[in-house]
Amino acid sequence: MTCMNHHYTDVKESYLFADIRKRIDTWLKKNPGGKVLRLGIGDVTQPLMPSVIQALHEAVEDQTHAETFHGYMPECGDPGLRQAIAKWYQQRDIPVEWEEVFISSGASDELGDILHLFDRSLAAMIPEPAYPAYADANIMDGRKIIYPEIDADHGFMPVPPAEDIQALIYLCSPDNPTGAACTRQCLEQWIEYAGRTGSVILFDAAYESFVQEKNIPRSIYEIEGAKGCAIEISSLSKTAGFTGTRCGYTVIPLSLEREGLSLNKMWVRNRTTKTNGISYILQKGALAVFSEQGQREAAELREVYRRNARNFMQALDEAGLSYTGGKNSPYIWMKCPDDHGSWETFDILLEKGQIVATPGAGFGESGEGWIRFSMFADEEDIREAGRRIIFLRNEKYF
Ligand code: PLP
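### A look at the pattern of salt bridges
The tally for this structure, following the rule as stated, stands at 18 salt bridges. Residue D164 pairs with R196 through a salt bridge whose shortest N-O separation is 2.9 Å. Highlighted residues: D164 in the loop between β6 (157–158) and β7 (167–172) and R196 in helix α6 (residues 184–197), separated in sequence by 32 residues. Exposure remark for R196: the relative accessible area of 43% places this residue in the partly exposed category. Salt bridges linked by common partners bring E380, E384, R387 and R388 together as one network.

### As for the domain arrangement of the protein
If you check the domain split of the protein, you get domain 1 (12–41 + 295–394) and domain 2 (50–293). A separation of 27 Å is found between the C-alpha centroids of domain 1 and domain 2. With 25 residues of domain 1 at the interface, the matching set in domain 2 holds 33 residues. For the pair domain 1 and domain 2, the two sides together bury roughly 2,500 Å², of which 51% comes from carbon and sulfur. The three residues of domain 1 that bury the most area against domain 2 are Q295, E297 and N328, which together make up 28% of that side's buried surface. The interface formed by domain 1 and domain 2 holds zero salt bridges in total. Counting the contacts that link domain 1 with domain 2 gives 20 residue pairs in polar contact (both at pLDDT 80 or more). Elements that contribute at least two residues to the side of domain 1 that touches domain 2 include exactly α9 (292–318), β13 (323–325), β14 (331–335) and β17 (370–374). When residues of the side of domain 1 that touches domain 2 are assigned to their parent elements, the largest contribution, eight residues, is made by α9. Its residues assigned to classes, the side of domain 1 that touches domain 2 shows nine nonpolar, nine polar and seven charged.

### A short note on empty space enclosed by the protein
One pass over the structure, following the stated rule, counts two cavities of 30 Å³ or more. Here the largest cavity defines a volume of roughly 110 Å³. Along its surface, the largest cavity is lined by 14 residues, and P127, I150, P158, C172 and D175 are the ones closest to its centre. Classifying every residue of the lining of the largest cavity gives twelve nonpolar, one polar and one charged. Space inside the second largest cavity adds up to approximately 30 Å³. If you trace the second largest cavity, you find it lined by W88, Y89, R92, A205, E208, R218, S219, E232, S234 and Y249. Looking at the lining of the second largest cavity residue by residue, the classes come out as four nonpolar, two polar and four charged.

### Some thoughts on helix α8 (residues 280–289)
Quick reminder: α-helices carry 3.6 residues per turn. Residues three or four places apart thus point the same way. Here α8 has its buried residues at Y280, Q283, G285, A286, A288 and V289. Against the buried residues of α8 lie α2 (50–62), α3 (79–90), β2 (101–104) and α9.

### Here's the deal with the state of the cysteines
Enumeration according to the criterion identifies zero disulfides in this entry. Not part of a disulfide, C186 finds its nearest cysteine sulfur in C182, a span of 3.6 Å. C186 gets classed as buried once you look at its relative accessible area, which sits at 5%.

### Focus on the sheet that holds β7
An order of β2-β10-β9-β8-β7-β3-β4 is seen for the seven strands of this open sheet, with the pairing classed as mixed. Strands at the two margins of the open sheet, each flanked by one partner only, are β2 and β4 (145–146). Of the pairings in the sheet, the one linking strand β3 (residues 123–125) to β7 comprises three bridges and is parallel in character. Residue M125 lies in a different strand from β7, and its bridge partner there is I169. Contacting β2, β9 (230–235) and β10 (248–251), α3 runs over the sheet at an angle of about 120 degrees to β2.

### What to know about the sheet that holds β14
The sheet built from four strands is open, its strands ordered β13-β14-β17-β16 with antiparallel pairing. In the strand order of this sheet, the two ends are held by β13 and β16 (358–359), each with one partner. Across the face of the sheet, α9 comes into contact with β13, β14 and β17 while running at roughly 10 degrees to β14. The strands touched by helix α10 (residues 342–353) are β14, β16 and β17; relative to β17, the strand with the most contacts, the crossing angle is about 50 degrees.

### Some details on helix α11 (residues 379–394)
Taking 1.5 Å per residue as the helical rise, α11 with its 16 residues ought to reach 22 Å, and the 23 Å between its terminal C-alpha atoms agrees with that figure. If you check which residues of α11 are buried, you get D381, I382, A385, G386, I389, I390 and L392. Of the surrounding elements, those touching the buried residues of α11 are β1 (37–38), α9, α10, β15 (355–356) and β17. Measuring from the backbone nitrogen of E380 back to the side-chain oxygen at the start of α11 gives 3.1 Å, which picks out D378 as the cap. With its phi angle positive at about 60 degrees, K396 sits one or two positions after the end of α11.

### Here's the deal with unusual backbone geometry
Across the junction of E128 and P129, the peptide omega takes the value 5 degrees, indicating a cis bond. Residue position: P129 is located in the loop between β3 and α5 (132–140). In this model, S173 is joined to P174 through a cis peptide bond whose omega is -10 degrees. Positionally, P174 belongs in the loop between β7 and α6. Despite not being glycine, E259 has its phi angle at roughly 50 degrees, a positive value. Counting through the fold element by element, E259 comes out in the loop between β11 (257–258) and β12 (261–262). In this model, D338 sits at a positive phi of 55 degrees, which is unusual for a non-glycine residue.

Calculation rules
Residue numbers run consecutively from 1 along every chain, following the written order of its sequence. For a predicted model such as this one, the threshold for reporting local features is a pLDDT of at least 70, and the threshold for listing and counting side-chain atom pairs is 80 or more; totals across whole chains, interfaces and linings nevertheless cover every residue. With hydrogens and water stripped out, all remaining heavy atoms of the structure feed into the side-chain values. The rule for a salt bridge is simple: a side-chain nitrogen of Lys or Arg has to be within 4 Å of a carboxyl oxygen of Asp or Glu. For the purposes of this entry, the term helix denotes a DSSP run of H or I that reaches at least four residues, the term strand denotes a run of E that reaches at least two, and both are numbered from the N terminus. Think of it in three bands: with a 1.4 Å probe and only protein chains considered, a residue is buried below 20% of the maximum accessible area for its type, exposed above 50%, and partly exposed in between. Domain delimitation follows an automatic or database domain assignment. Should any heavy atoms of two residues lie within 4.5 Å, those residues are considered in contact. Two parts placed together each lose some accessible area under a 1.4 Å probe, and the buried area is that loss summed for both. The term polar contact refers here to a pair of N or O atoms within 3.5 Å; inside protein, the definition further demands a hydrogen-donor-capable atom paired with an acceptor-capable atom, and it admits residues adjacent in sequence only when both atoms are side-chain atoms. Any residue outside Ala, Val, Leu, Ile, Met, Phe, Trp, Tyr, Cys, Pro, Asp, Glu, Lys and Arg is labelled polar, Gly included; the first ten of those are nonpolar and the last four are charged. Both cavities and pockets are sets of points on a 1 Å grid over the protein atoms alone; in a cavity a 1.4 Å probe fits but cannot get out, in a pocket the set is open with protein on both sides within 12 Å along at least five of seven lines, and lining residues sit with an atom within 4 Å of a point. Grid points are joined across faces, edges and corners, and a volume is the space filled by probe spheres set on the points. Pairs of cysteine sulfur atoms within 2.5 Å are what we label disulfides. The rule for pairing is simple: two strands pair if DSSP sees at least two bridges between them. For every element, the axis is a line fit to its C-alpha atoms; helices are fit only across the contacting stretch, and the angle between N-to-C directions ranges from 0 to 180 degrees. By definition here, a helix of n residues has an expected span of 1.5 Å times n minus one.

What follows is the structure, encoded as structure tokens:
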């Protein structure tokens with residue numbers, strides 16, 4: 001007899017960001033008054049855009065008058081916001097209906113909560129290196145995890161395994177941490193695999209708005225057959241600087257069924273039981289993102305991070321360093337030079353250049369030998385980090 005979920009003891013302590021912090025603190029103690037350039041954490045630095053700020057203020061004002069006051073919101077999201085998101089998909093010829101859109105408080109919450117729809121005997125398939133929360137949420141749930149091979153020589157494209165296995169498949173595009181963006185052909189392969197094996201794909205589109213290349217899908221529903229096998233989980237965190245404001249959306253097609261059960265209907269049942277909806281104020285702010293002005297401002301906001309990526313890639317090119325990402329992603333995933341390990345490279349960057357990055361080993365074993373730079377940093381810090389990396393290379397520190 002046991003009363004606790006002992007699978008929690010199977011989850012490794014997350015030392016990654018604590019270790020990074022410890023090493024920075026040690027350096028700062030040795031170098032009082034010193035400054036480090038923070039390109040480690042994937043958190044935005046630009047403030048919310050004017051249209052969102054205005055909408056948030058107006059919503060607060062609404063809450064001060066009985067006539068415009070809102071209490072509980074619909075559990076699956078405000079229909080106006082659900083419709084705006086569906087329309088935003090439709091404008092790009094992506095067939096999404098408003099009843100298929102669920103408003104959430106962010107992608108992380110949904111990536112964990114959605115597991116409730118699936119039997120615990122269904123394995124999770126996670127191409128690594130990956131966002132660590134995928135594996136941890138499944139380990140907590142007691143689920144078996146399969147790690148299919150990922151081809152580092154071909155830009156970290158995830159490839160379906162040779163063996164047919166029914167699973168809950170995680171795909172993230174553009175990817176955190178590698179910055180790789182799935183091509184149409186890559187997604188077609190996975191959709192075909194999911195259809196054949198009865199699998200369900202969880203497509204994490206948190207970075208979709210960073211896709212630049214026309215032939216790279218921003219939504220899995222751009223590919224035929226996806227509505228029969230895929231859930232898309234997305235977020236305004238990186239698209240519109242909502243990491244601290246919190247709002248996301250999940251698309252579950254009405255046609256997605258397994259074993260005679262509608263996943264959309266199950267999720268409606270789940271939400272109406274387990275949440276009381278997202279706050280009126282936040283949903284008003286989120287709605288502004290989907291207005292014409294909001295879309296323009298969000299693009300301008302992301303342009304700061306895109307410019308960072310262009311400047312940083314230029315510096316890495318000049319230094320003769322290899323990397324993926326940056327083009328369709330706010331992350332740059334650099335191969336550690338001279339066969340250094342990822343923590344070794346972290347230490348060289350910190351000690352010799354005062355640059356903070358995230359060691360690839362923190363994203364799974366296959367991340368060893370790589371290091372991630374986040375382009376969400378301050379513009380001048382990015383330029384300075386680029387100059388220092390060129391200097392470190394010229395001085396043969398690595
Ligand atoms: N998915 C990926 C791949 C992420 O990198 C992140 C956050 O960094 C999230 C999801 C979580 O996003 P949210 O802020 O919406 O919870």
